[in-house]
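# Results of the structural survey
Spelled out from the first residue to the last, the chains are:
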Amino acid sequence: MAAALLKLLPLDPGDEGTQRCRMGPATLSSLGARLGSPLKITVPGGCCLCTAWPRNDLADGYLQLDLKCKTSGLAASKLKGLTLSVSHLKLLACHRLRKVTVKVVLKNLTVKKSTPEGTLQETVKELLRNVYVSLHHVVTASPVPGNPVVCVEILAVDASTEQAGLIAPKTNINIKEVVTLEWYRHLSKDTAQISVAGMDDLGSSLKEMIVLPLHFPKTFKKLGLSVRSGVLLVGPPGVGKTLLVKAVAREVGAYLLFISGPAIYGSRPGESEENLRRVFEQGRELSTEGPTILFIDEIDSLCPKRGSSNSISENRIVAQLLTLMDGIGSENEMVIMAATNRPDALDPALRRHGRFDREVIIGTPTLKQRRSILQLITSNMPISTDVDLINLAEMTTGYVGADLTALCREAAMQAVLHNCLDSVHMLINLADFHEAFKKIQPSSFRSSVGLTDFKPVTWEQIGGLEDVKLKLKQVFRQARAHTPAIIFLDEIDSMLGSRSACKTGHGAPEKVLSVLLNELDGVGVKVTERRGNKLQLEGDRQEQNEKERQLEFQEVLNKDVMIVAATNRPDKLDDALLRPGRLDKIIYIPPPDQKGRLSILKICTEKIPIDSDVSLEYLAAQTKLFSGADIENLCKEAALQALQENGLEATCVKHEHFVKSLKIVKPSLTLTDLDFYEKLFNKEVSS
């Protein structure tokens, strides 16, 4: 016969904190429980101890639980709408406990410091009086004003008690440990280790830097060594700096206080420094209870070099951080750690002795490390036997951990696309990884400089114009890697000049022009990029076997890239840019004619409530030499005229408002300009 089902209902307010379990008489009878008998009730996510009590309405098929004594992590919110079988309820045999050892959890550190030991002992004794408990269960205190205790964890009970016991008035309660709620939540988290493949040596050295000063401060003091420790992790993005810190903190049992540089910034003056002081104060409070790691991610965004920026607020933040780091006393068990992928951008004062004087460099993974990372990532993936992780590691030079994760994820997506979604025997094969290689590029290559250097004029030979050089290099590489693509160079005349206009011919714009010409010549050509700093054409390669070619070279297909540029000063462009094979198609975009102006007016007035007396045809006729931007400005000015005339009560824009706007807004083009463009365009067409 199937066991009866019991639907969980919300607890009656009068039963909160009583440890009672309300049920129907049939359930009481089937359990053989007397009034107040202890029960162990198993639910998804844990179990709780309750005492059996009948429902006030004597209705069967329902259950109400008070979670006064439960396993850690079990919350009432997880039990909503749940249905249990009677078999989940077990009657317990128990006796009065002679001794119990507990851990007391208080609200915060202020309460911990201000609560006398005797008061705490009496509060805990009153909380546990006549409560059934079991080993490693947590007794929750009612949120009564003035009660400093949040909960009490049972660490040990009588040796003869295996299931449950009753804490009587004469039970000896030994408080072994007192912690704050913040630390208790940290200690209650999942203790499973975080897997960080390929960085075992770095993890060991990092643990030594953290554990030794924290656990042996007296020894360090005898040797004349400073206990304070600041560690800076340096490495490219995605290499695993943050993950390594989390893994080490978990392994050494330290509290990880994680903050990011941009999160510190505030909107009002002084708020950023206040946020930084608050974080350090929180770290000091946590360190009084145990080892604490204060980890600042992306610290280069928080503390750039002073003097390199005009921002006074950034300089104040740097000074505040330096002061806070110097103020960390030796009595605090706190380690300051930070991570950056731009160490040269940090203020030098941060890297002197006594601050971030220890640096751990995490480079791009080696072949062995990439194989370890791939083994970890694919450990839970259905990989086909034709996938050799060693060969895959050899093909992923320059890939960091995040890139390898993205590569495997993309290969899995390719397998899903090529198979039935409900296939039971779906496998990820080598062809899926080959498809993934086309989409996932190594991030270290994308962020590096000068990796495709096959030009007569190199980027390094151009002085200044760093932003222009960086943007040009990145846009061409990204366009080649993400074809089909369009590269649009707006206002190209401001970026590149004409070599005939320079007397020496060796100016910086002329060198940039030379590089751009070579980049344009490379668009549409199939090249093979060596995984390093050299590149050669496909036809110039020396003969080699297929495996060596796959390991050493990577194809860059750029045949689907189109270059589009715009300028209003074509006479300033170098002739070499406009020859066939480069910007060889010239399109003259004249100002809109009357029909075009009417279309633009309709678009610009689509969201403007215009009066019925407004004639767009009349306006189109009156706006000769107006560009599209001029017409848009005309409509905005007419709306402003209506607001100025009628204030917030204005409901529409009338014809008179447009007439006034025509007197204010003038066309940006002249007949001389049009004559210049038409002559130049006709010259280009004839040539």
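Everything in this summary refers to the structure shown in the same document.

What counts, and where the lines are drawn
- Residues numbered from 1 in each chain as written.
- Predicted model: local features only at pLDDT ≥ 70, side-chain atom pairs only at ≥ 80, totals over all residues.
- Heavy atoms only, no water.
- Helix = DSSP H or I, 4+ residues; strand = E, 2+ residues; numbered from the N terminus.
- Buried < 20%, exposed > 50% of the residue type's maximum accessible area, 1.4 Å probe, protein only.
- Contact = heavy atoms within 4.5 Å.
- Areas by Shrake-Rupley, 256 points an atom, 1.4 Å probe, with all protein chains shown as cover.
- Arc of directions from axis to C-beta.
- Axes fitted to C-alpha atoms, helices over the stretch in contact; angles between N-to-C directions.
- Parallel < 35°, antiparallel > 145°, perpendicular 65-115°, else oblique.
- Left-handed = near helix turned anticlockwise from the far one by under 90°.
- Nonpolar A, V, L, I, M, F, W, Y, C, P; charged D, E, K, R; others polar.
- Pairing = 2+ DSSP bridges.
- Core = buried A, V, L, I, M, F, W, Y, C linked by side-chain atoms within 4.5 Å.
- Disulfide = S-S within 2.5 Å.

On to the overall build of the chain. When its secondary structure is counted, the chain shows 25 helices and 23 strands. Looking at the chain as a whole, 43% of its 687 residues qualify as buried. Considering only residue pairs separated by 6 or more positions, the chain has 77% of its internal contacts joining residues 24 or more positions apart. As displayed, the chain has an accessible area near 37000 Å², and 53% of this comes from carbon and sulfur atoms.

One turn of the α-helix equals 3.6 residues, which is why residues spaced by three or four share an orientation. For helix α12 (residues 367-377), the full list of buried residues reads R370, I373 and L374. Viewed along the axis of α12, the buried residues span an arc of 100 degrees, placing them on a single side of the element.

The subject of this paragraph is the environment of Q320. Of note, Q320 is situated in helix α11 (residues 312-326). Separated by 48 residues in the primary sequence, Q320 and S272 have C-alpha atoms spaced 9.5 Å apart. For Q320, the contacting residues outside a window of four places in its chain are E273, L276 and R277.

This part takes up the packing of helix α9 (residues 271-287) against α11. The contact between α9 and α11 brings their axes to 9 Å, and the two run at 20 degrees. As far as their axial angle goes, α11 and α9 are roughly parallel. As α9 runs across α11, the sense of the crossing is right-handed. Residues S272, E273, L276, R277, F280 and R284 of α9 form the contact with α11, whose own contacting residues are R316, I317, Q320, L321, L324 and M325. Among the residues forming the contact of α9 with α11, the class breakdown is six nonpolar, two polar and four charged.

Let's shift gears to the pairing of strand β9 (residues 95-106). For a regular strand, side chains alternate in direction, first toward one face of the sheet and then toward the other. Bridge count between β9 and strand β13 (residues 165-180): 11 bridges; the pairing is parallel. The partner of L106 across the bridge, within β13, is T180.

Residues F280, I299, L321 and L350 are the most contacted members of the largest nonpolar core, which totals 30 residues. Elements that contribute at least two residues to this core include exactly β14 (230-234), β15 (255-260), α9, β16 (292-297), α10 (299-302), α11 and β17 (334-340). Top element by residues in this core is α11. It accounts for six residues. Contact partners of L321, with chain neighbours within four places excluded, come to L276, F280, I296, I299, C303 and L350.

Here we come to the state of the cysteines. Counted by the stated rule, this structure contains zero disulfides. Just so you know, C48 is unpaired, no disulfide at all, and the nearest cysteine sulfur is the one on C50, 3.9 Å from it.

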